[in-house]
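What follows is the residue order along each chain.
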Amino acid sequence: MFSLKQPKPTFKSYLLPQADDNTVSEPRIKKLEPVLLPGEIVVNEVNFVRKCIATDTSQYDLWGKLVCTNFKISFITDDPMPLQKFHYKNLLLGEHDVPLTCIEQIVTVNDTKRKQKVLGPNQKLKFNPTELIIYCKDFRIVRFRFDEAGPESAKKVCLAIAHYSQPTDLQLLFAFEYVGEIYHNPAKKVNGIDPGGGGIGNASGQQTPLFETYSDWDREIKRTGASEWRVCSVNEGYMISTCLPEYFVVPSSLADQDLKLYSYSFIGRRMPLWSWNHPNGSALVRMANIKDVLQQRRIDQRICNAITRSHPLRSDVYKSDLDKCLPNIQEIQAAHIKLKQLCVNEPFDETEEKWLSSLENTRWLEYVRAFLKHSAELVYMMECKHVSVVLQEEEGRDLSCLAASLIQVMLDPYFRTIVGFQSLIQKEWVMAGYQFLDRCNHLKRSDKESPLFLMFLDCVWQLLEQYPAAFEFSEVYLTILYDSARISLFGTFLFNCPHQRVKESTEFAISKNIQLGDEKGLRFPCVWDWSLQFSSRDRLLFHNPLYIGKSAPSVHNGALWTFKRSKKNYSSTLRGVPPALKNGIISEQEFLPRRNSLILKLKPDFFQPAEGQSHSMEQYFRDWFAKPVDLHGIILPHLSGTQIKLWKLCYFRWVPEAQINHGGSITAFHRVSLLADEVDMLNRSLRQYKSNSSLQGHCSELDQSRMYFRANGLNDTSGAPDFLSSSFPFSPVGNLCRRSILGTPLSKFLSGAKIWLSTETLANED
Amino acid sequence: MIRKLAENTPKTWACSIIEADQAPIPGMASSSTPKYNSNSLESSSSKWTLKDGTNWEQNEEIPRLPGETRVTDKDVIYMCPFNGPVKGRVYITNYRLYLRSVENDPVVILNVPLGVISRIEKMGGASSRGENSYGLDITCKDMRNLRFALKQEGHSRRDIFEVLTKYAFPQSHNSLFFAFVNEEKFSENGWMVYNPMSEYRRQGLPNERWRVTFINEHYGLCDTYPSLLVVPYNATDDDLKKVAAFRSRNRIPVLSWIHPETQAVIMRCSQPLVGMSGKRNKDDERYLDIIREANGQISKLTIYDARPNVNAVANKATGGGYEGEDAYPNAELFFLDIHNIHVMRESLKKLKDIVYPNVEESHWLSSLESTHWLEHIKLVLTGAIQVADKVSSGRSSVLVHCSDGWDRTAQLTSLAMLMLDSYYRTIEGFEVLVQKEWISFGHKFASRIGHGDKNHADADRSPIFLQFIDCVWQMSKQFPTAFEFNEQFLITILDHLYSCRFGTFLYNSEFLREKEKVTEKTLSLWSLINSEKSKYTNPFYSKEVNRALYPVASMRHLELWVNYYIRWNPRIRQQQPNPVEQRYMELLALRDDYIRRLEELQITNNSKISNSSASSTSPSQMVSQVQTHF
C-alpha cells in the first residue's frame, strides 16, 4: 500500500564524528546502538522490547531495544518501519525517538496483575510493567510491550524515563549538558554546524535578526520608518528589569532618566515596549500595568503623551486592555486540554456523532477567532484611525505576544516571509519575555502551562489557510516549528526571558568550569538553525509553492496581467507601500521625505473620507473584503464560523482513522509544486540562453530549486506519489490511541481530569 | 503566446458576459464593488462575479435566450436581505425573472430562472401600513428567498403575481416547460453523451456471464427502468418476469457496474414484496443465487439495504420488506441506516434556517450539527464506501436496494461507482454516471424537484440528488486532483436541476421522457457544459486509471459546502476564484510565456549554432511535450 521505498535510515547521518572513535569510519555500523549527541548519555536500556504499531493487531509490531538517555527515549530496531513512513527526517531524532521534553505522561501497566500507574519523578514501582505508554505533548501516544524483556530492566527503564523527563531544575535540561560539552570540545559540532549563534534562517542564507543587539532594533526602526523612536540601552546588563531585553525601543521624547524613574511603577519594571510602526506613523506598543496606584495616572499620561509625540499626526493613543477582552491563559489551557481529549483520547467512532458540538465545546476555535478578531480591530485602528495602539496587559508578556505578532502578520508582509516570521517570534516572544519555560512546562511541575504559542501558530495557520499565496512558509513549517518547541536543545524556547538564559547558563558555566570570556552566558543552539534538524532537501518542505514573493522575477514580468496587483492597501497611508517591504531592510535613500512636510500636503485628502461618511469599523471591513486582496499589503481574517477551521494537519496527523490516503490538500500542493518547479526551470534556461552562459552553472542552479516536489522533466503530468496523505509528511503509523487500559476505556480514565492525565485519575496504582 | 493571451483577456471577459447571459446561473443581487478594482484586476474579478449572475454593465440589454420572450415588467423594490431595499425594475420572461436596480451604483442585478421558484406568496394587503409592506415573497429551491415590495395603489401586484405563477408553474397551467421552446444552439450535442450500449461495452459487457436484454424495450416489464438492461446470462427473460412480480414496482435486480478484475458486480433493485406474512418467491431466490454464481463466487452474496433496520421492517406493513435469512441462505444482509426522503427534506430545511439570510454565528458548529445534514452525508458516503470496498477488496458481488430503488439506491450505486471507476471522475464520465444511474433508472426528478409544479408542500419533494452532488463535492475536497471537473461544474448541474432550461432532468422516467420526445424537443444540459469544458475543468486533475478512491467519511473531514449553500451571502462567500487554483493558473500562463520565449530564442540561436548539444531540457523538446498536452 505504501510502496515508497526509502533508503533504510542510516544512523551515520546523525552520528557524530568522534575523533577518538574509529568505528565510525567502518562501513558496517554496529546495530542497535543509540545515536548520541554531544553530552548525551545512556541512562538505562532494555532489550527485546516490542513497539506497538497498530491498534487492532500485533502483526506490524517492531522488536528492538528501548533506551533512555538524558535527551530522549530511543527505540532502536532492525525492523523496517511497516506501512507508511515519515517523509522527513529529524537529524536529532530517530524515527522512533521522543525527546524527553515532549513527554506529557508516563503510564506503566501490568496486565496480569491488572495494575497501572502514572509515573512521576522519584517514584517507586511495585510491579514489573508489561507495558509502557508514553503520552506526548504533540498528541502522540507511543506504546511499548515488555513481554519478552527482562522484567527488572524494563522496570528500571520506565523509572529512568520518569525521572529524566521530569527534571527538578532548569539546568538539568539536556541543552545545558549539550552546550557544556560543546564548549569543552568545540570540535563536536552537530552536522558540522556551529551550534551557537543566530544560524541560517533559510535556504537563501538570510540571517534571522534575533533582536539581542542594539543594531537589530535599530534596523527594525529604520525598516518601518519609525523615525520618532529610538533604541534604549538602559537595561544593558539587565540593570533595570530582568524580564525585559537588554535593548528595546521607546519614544524619542522619553529620556533614559525618565524611563528609569517610571520603571519602578510597572509590574516587573516592564516599561512600554515598541513593537512596530505602521507606514502612516502609528505605532504598536505593548505595556505592562502600572502597579503604583498613586502614580498611575501621571505616568500613564506621560507615556501616552510621549507616544503621541512620536506620531506624525500627533494622534491619540488607543489603549486595548487585553486582559479584559481576550481569553486568559487558564482558559486557553483548558480549551487545549479539551481539544487534546477530543482529537486523540476519545474513541474515534464515539465522538463522531457529536463531533461538531464537542469541538465547539472545547472553545478552542472560539478563542482562535477571538484573537484574530481583536487583532483585526486593532489593525483597523492603526490603518484607518491612524492612531497608535497600546496593548495593555498585566505583565505584558502573554496575550500581548500573541496580539502584537498577529497584528504585524496582518499588516506587514515582511512577517509573512520565513525570515520575517522568525524575527517576529524573536522580537515579540523570545525577547519580550514570553515564558516559554513555564508555558511549555518543560519542567513538568508548573501550573503555569498554557499553549499560547500554539494558539498563535494556529491563528497564523488560519490566515495561511485563507490567503495561501501570502505566506512564504507552509503549514508543515508551522507544525514543525511547534514541534521544535518540544526539543530541549534550542535556547529559543527554553527560557522565561533572555536574562534567565544569561543567569542560569553563567551559573552552569561556573559549575562546569567553562570560561565564558566576555560572552553573556552560554550560547545555545538556535531553532532557526534549521540545518541542525533537517537536511536542505527536507527544509524545502517549509516552502509554500503558492507564495508570490515580491522579489520573484516571475511577479515582475510585465507581460503578465495576472500579476499586476493593486496597491490599494497602503493607499490611505501617508507614504504608499513602504519601500521596506522589498527585502525587509530600507536603504536610506528610499526614505520618503520627512513626515511633517508630507502631512501638510496630504492631510485634507486624508481626512475627507473620514468626515464624509461614518467610517465605522464594520464598513471598513466590508469594503476591505469587497476589494481584491493585495497579498503584499494587509490581510484580514474572515471570521465567520464557517471560515475558522480546525488545523487538521497539526491535530489529526497521528490519528490513523482521520488520515485520507492518497488525498488531502497536499495532492493539489504537489501539483502546484511541480508546476512552480517547472516554471523555475524554464526561467533559468531562459536566463541562461540570454546570458549565453555555458551549461556549467546550470546544474548547480537546478539544485537550488525551491520546491520539495520537483518536476520530472517538463510538463510532468504523472500522478501524485502514493505516499501522499492528509498527514504528509507525518505518519500516524506507530502512534496509536490505546482504546482501553485493562478493559476500561481510556476516556473513562481521562474524562474530568483537570490535567490531561493526572496522577489522581489513575488511582488504582500498586 | 502569452502576449496573445493577455490581449485576449478582455475578449474572454466579453465572452463570459455573453455566456452569463446565455447561462443565467441564478444570481444574487449584491452591490459588489467594481469601483474598487484597479483596471488590471477588473477583468478577472468581474469575470468571477458574473458567475454569480451579478452584473453591472450599465447599458446592457435584458439578457434573452433564443426562444425567450418578454412577458411583463414593473417597478418594484427588491428587499435585499444583505444590502437593504433596492429600487429597480423587474422584467419577467417565459424563462426568467430579471431585476435591474435604477439608482444603485453599481447596478444591482437579479437573474433568476423561473424554474427555481418553489412558491410565490403575497405579503401584506392593500391596506397594510408601513414602508414596503405590500408585495411578493418568493421561495426558491436554491436556498434563498426573494422579496419584492410594490406600490399599493391599483392592485399593482396582481398581474405580476399571475404572470409569475403562470410561467413558474407550467405543469399546473397545462403549458410547456421553457426547455421545449428554448432555441439555443450549442457546438456539442449532450444527448449523444450517454449511450447505454457503449457504456456497457466500456465495462466489457455483455460477456459469457452477463447478457443485455431488450425485455423492457417498450417498458412492459418495468415502466421506471430503462429499456436496456444487463442481467445474468443464466437468467431467461421468463425468469425476469417472474422476479419482477416479487419486486416493488417490478424493479428487478439488474447490473449497474462490473469490476474489471474481480468480475464482482454492483446490482440494483427495489425491495422484495415480502409483506407481513413473510412471502417467499422461489424465482427471486434462485435469481439472486444466479447473480452470486455469475462471478464464480463461493461466498455469500452481499445485500445492502440502504434503510435503517426499523424502516425496512415497517415496510412489511405495506407489502415490502427485505430478504430474510431463511429464504436467502446464500445472502448476507446489511442495513445502511440512511433515512428516507422526508427526513432529508426536513434536514435541508433546517440547514436553510441557519444559513439564510444570516449565518447563525453564535453557535455555528452545534447549530450545524443540529441540522444533521452532514450526518446524513456521512451515512450515504459510509454506505457507498462499504459497497465499493465489498466489490473491490471483498471481491464479492453486491445487491443494493432501499424501498423503491430510485433514491438511496441511486446514491449508493453511483457513489460506489465513482469511487471504483476513474472514468466516472471525468467530465463526460460523470455525465454518463448521472445519465445512467439517476436519469435512466428512474430517479423521480419531476417529483423530487417539483418541476413547474405549484404544489410546494408536496411530500414527494426531497433533495436526494443535491445530497448526492454534495457527497461528490466532499470527495473532490478530499481528493483535489482526482476529478476532472471543478466545483463550478457541480454548481452548474444543481442550478439547471431547477432551471427547466434543459430537458435533462425533466420527468420521472425514461418511459415518460420518450413519450414527451424530450431528446428531440429539448436540449441537454451536457450540450452547454461540453461546449465550454474548460470552464468546468479542474486544473489540478491528474488522470489516474483504476485507483479506488475511498474518502474518509468522518465528521472530522466533512464540511459544509459553503460555496453552494451560503453563496448568496456576500459576506460569507469564499474568495473566487479559489486562491490555490488562481495561483496555479497564473503559473500555467507563466510557463507558457517562458516556453514561447525560449522557443523564440531557440529559433534565433539555431540560425547561429547548428546542432547544439541536445540536453534533456532543450526547448524544442519542451515545446513538443507541451503541445501534446494541450
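Residues numbered from 1 in each chain as written. Chains lettered and ligands numbered in written order. Predicted model: local features only at pLDDT ≥ 70, side-chain atom pairs only at ≥ 80, totals over all residues. Heavy atoms only, no water.

(A) Structural detail: the pattern of salt bridges. Residues and elements named next belong to chain A. Going through the model one piece at a time under the given rule, you end up with 74 salt bridges over all chains. Of the charged contacts in the structure, one is a salt bridge between E131 and R145, with a shortest N-O distance of 2.4 Å. Taken together, the positions of E131 in strand β7 (residues 131-136) and R145 in strand β8 (residues 141-145) put the pair 14 residues apart, joining distant regions of the chain. Of the residues examined, E131 reaches a relative accessible area of 0% and is grouped as buried. Overlapping salt bridges bring together R50, D61, D111, E131, R143, R145 and D147 as one network. (Salt bridge = Lys/Arg side-chain N within 4 Å of Asp/Glu carboxyl O. Helix = DSSP H or I, 4+ residues; strand = E, 2+ residues; numbered from the N terminus. Buried < 20%, exposed > 50% of the residue type's maximum accessible area, 1.4 Å probe, protein only.)

(B) Main features of the UniProt feature "domain: Tyrosine specific protein phosphatases" (unreviewed entry) in chain B. The positions that UniProt labels "domain: Tyrosine specific protein phosphatases" (unreviewed entry) are, in the present scheme, residues 371-433 of chain B. Annotated as 65% helix and 6% strand, the span residues 371-433 of chain B places its first and last C-alpha atoms 29 Å apart. (UniProt positions renumbered as here; feature names shortened; annotations may be inferred.)

(C) Focus on the side chain of T139 of chain B. Its place among the elements puts T139 of chain B in strand β6 (residues 135-140). Apart from residues lying up to four places away in sequence, T139 of chain B is in contact with V116, I117, S118, R119, E121, R144, N145 and K352 of chain B. (Contact = heavy atoms within 4.5 Å.)

(D) Layout of the domain arrangement of chain A. Residue and element names in this part refer to chain A. For chain A, the assigned domains read domain 1 (42-166) and domain 2 (214-542). Put simply, the middle of domain 1 and the middle of domain 2, counted by C-alpha atoms, are 35 Å apart. Counting residues at the interface gives 21 residues for domain 1 and 25 residues for domain 2. With both sides pooled, the region where domain 1 packs onto domain 2 buries about 1900 Å², and carbon together with sulfur makes up 60% of that total. Three residues, T101, K137 and F139, lead the burial of domain 1 against domain 2; their summed loss comes to 36% of the area buried on that side. (Domains from an automatic or database assignment. Buried area = accessible area lost by both parts, 1.4 Å probe.)

(E) Fine view of the sheet that holds strand β11 (residues 265-269) of chain B. Residue and element names in this part refer to chain B. The mixed open sheet is built from five strands, whose spatial order is β10-β11-β14-β12-β13. In the strand order of this sheet, the two ends are held by β10 (254-258) and β13 (331-335), each with one partner. Geometrically, the sheet is characterised by an average inter-axis angle of 25° between neighbouring strands, direction not taken into account. The pairing of strand β12 (residues 301-305) with strand β14 (residues 398-401) spans four bridges and is classified as parallel. (Pairing = 2+ DSSP bridges. Axes fitted to C-alpha atoms, helices over the stretch in contact; angles between N-to-C directions.)

(F) Representation of the packing of aromatic side chains in the model. Residue and element names in this part refer to chain B. Tallied over the entire structure, the rule returns 78 aromatic pairs over all chains. Residues F186 and F502 carry aromatic rings whose centres are separated by 6.2 Å and whose planes lie at 45° to one another, so their mutual orientation is tilted. Here F186, found in the loop between α3 (156-168) and α4 (196-202), pairs with F502, found in the loop between α15 (487-499) and α16 (510-515); they are 316 residues apart in sequence, far enough to count as distant. By relative accessible area, F502 is classed as buried at 2%. With a centroid separation of 4.9 Å and 40° between ring planes, the pair formed by W438 and F468 is classed as tilted. Of this pair, W438 sits in helix α12 (residues 427-440) while F468 sits in helix α14 (residues 464-478), placing them 30 residues apart in sequence. Comparing W438 with F468, the two get one shared label, buried. (Phe/Tyr/Trp six-rings, centres within 6.5 Å; stacked < 30°, edge-to-face > 60°.)

(G) Seen up close, the nonpolar core. One finds F421, F456 and Y651 of chain A together with F430, F465 and Y565 of chain B to be the most contacted residues of the largest nonpolar core, which totals 324 residues. No other element matches helix α10 (residues 364-383) of chain A, which puts 12 residues into this core. In contact with Y565 of chain B, other than residues within four places in its own chain, are M143, L348, L351, V355, W373, L466, D470 and L560 of chain B. Core analysis: the next-biggest nonpolar cluster, separate from the first, contains 38 residues, Y200, L229, V230 and L399 of chain B among them. (Core = buried A, V, L, I, M, F, W, Y, C linked by side-chain atoms within 4.5 Å.)

(H) Broad picture of the UniProt feature "domain: Myotubularin phosphatase" (unreviewed entry) in chain B. Those residues carrying the UniProt feature "domain: Myotubularin phosphatase" (unreviewed entry) are residues 190-565 of chain B in this numbering. End C-alpha atoms of residues 190-565 of chain B are separated by 27 Å, and the span's content is 42% helix alongside 9% strand.

(I) Layout of the environment of G39 of chain A. Residue and element names in this part refer to chain A. Position of G39 relative to the elements: it lies in the segment before β1 (42-51). G39 gets classed as buried once you look at its relative accessible area, which sits at 15%. Residues G39 and F71, spaced 32 residues apart in sequence, show a C-alpha to C-alpha distance of 9.1 Å. Discounting residues that sit within four places of it in the chain, G39 has contacts with N70, F174, E177 and E181.

(J) Examining the sheet that holds strand β3 (residues 96-101) of chain B more closely. All names here are of chain B. In space, the seven strands of this open sheet follow the order β4-β3-β2-β1-β7-β6-β5, with antiparallel pairing throughout. The outermost strands of the open sheet, each flanked by one partner alone, are β4 (109-113) and β5 (117-123). Each adjacent strand pair in this sheet contributes to an overall mean axis angle of 30°, direction not counted. As paired elements, strand β1 (residues 70-80) and strand β2 (residues 84-93) share 10 bridges and run antiparallel to each other. Of the residues in β2, the one forming a bridge with I77 is K87.

(K) Quick peek at the confidence of the model for chain A. Residues and elements named next belong to chain A. Across chain A, the average pLDDT comes to 81, with 77% of residues at or above 70. Within the model, pLDDT remains below 50 along residues 695-702, and this stretch shows 10 contacts once partners closer than five positions in the same chain are excluded. Counting interchain partners and residues more than four positions distant, the pLDDT-below-50 stretch residues 737-766 has 73 contacts. (pLDDT = per-residue confidence, 0-100.)

(L) How the structure looks around the packing of helix α11 (residues 399-411) of chain A against helix α12 (residues 418-430) of chain A. Residue and element names in this part refer to chain A. Two elements in contact, α11 and α12, have axes whose closest approach is 9 Å; the angle formed by their N-to-C orientations is 150°. When the axis of α11 is compared with that of α12, the two are roughly antiparallel. Pair α11 / α12 crosses with right-handed handedness. Of the residues in α12, those touching α11 at C401, L402, A404, S405, Q408 and V409 are F421, L424, K427, E428 and W429. (Parallel < 35°, antiparallel > 145°, perpendicular 65-115°, else oblique. Left-handed = near helix turned anticlockwise from the far one by under 90°.)

(M) Fine view of the environment of E395 of chain A. Residue and element names in this part refer to chain A. Among the structural elements, E395 can be located in the loop between β14 (388-393) and α11. Taking C-alpha positions, E395 is 27 Å from K385, a pair spaced 10 residues apart along the chain. The contacts of E395, once residues within four sequence positions are left out, are I267, R270 and A288.

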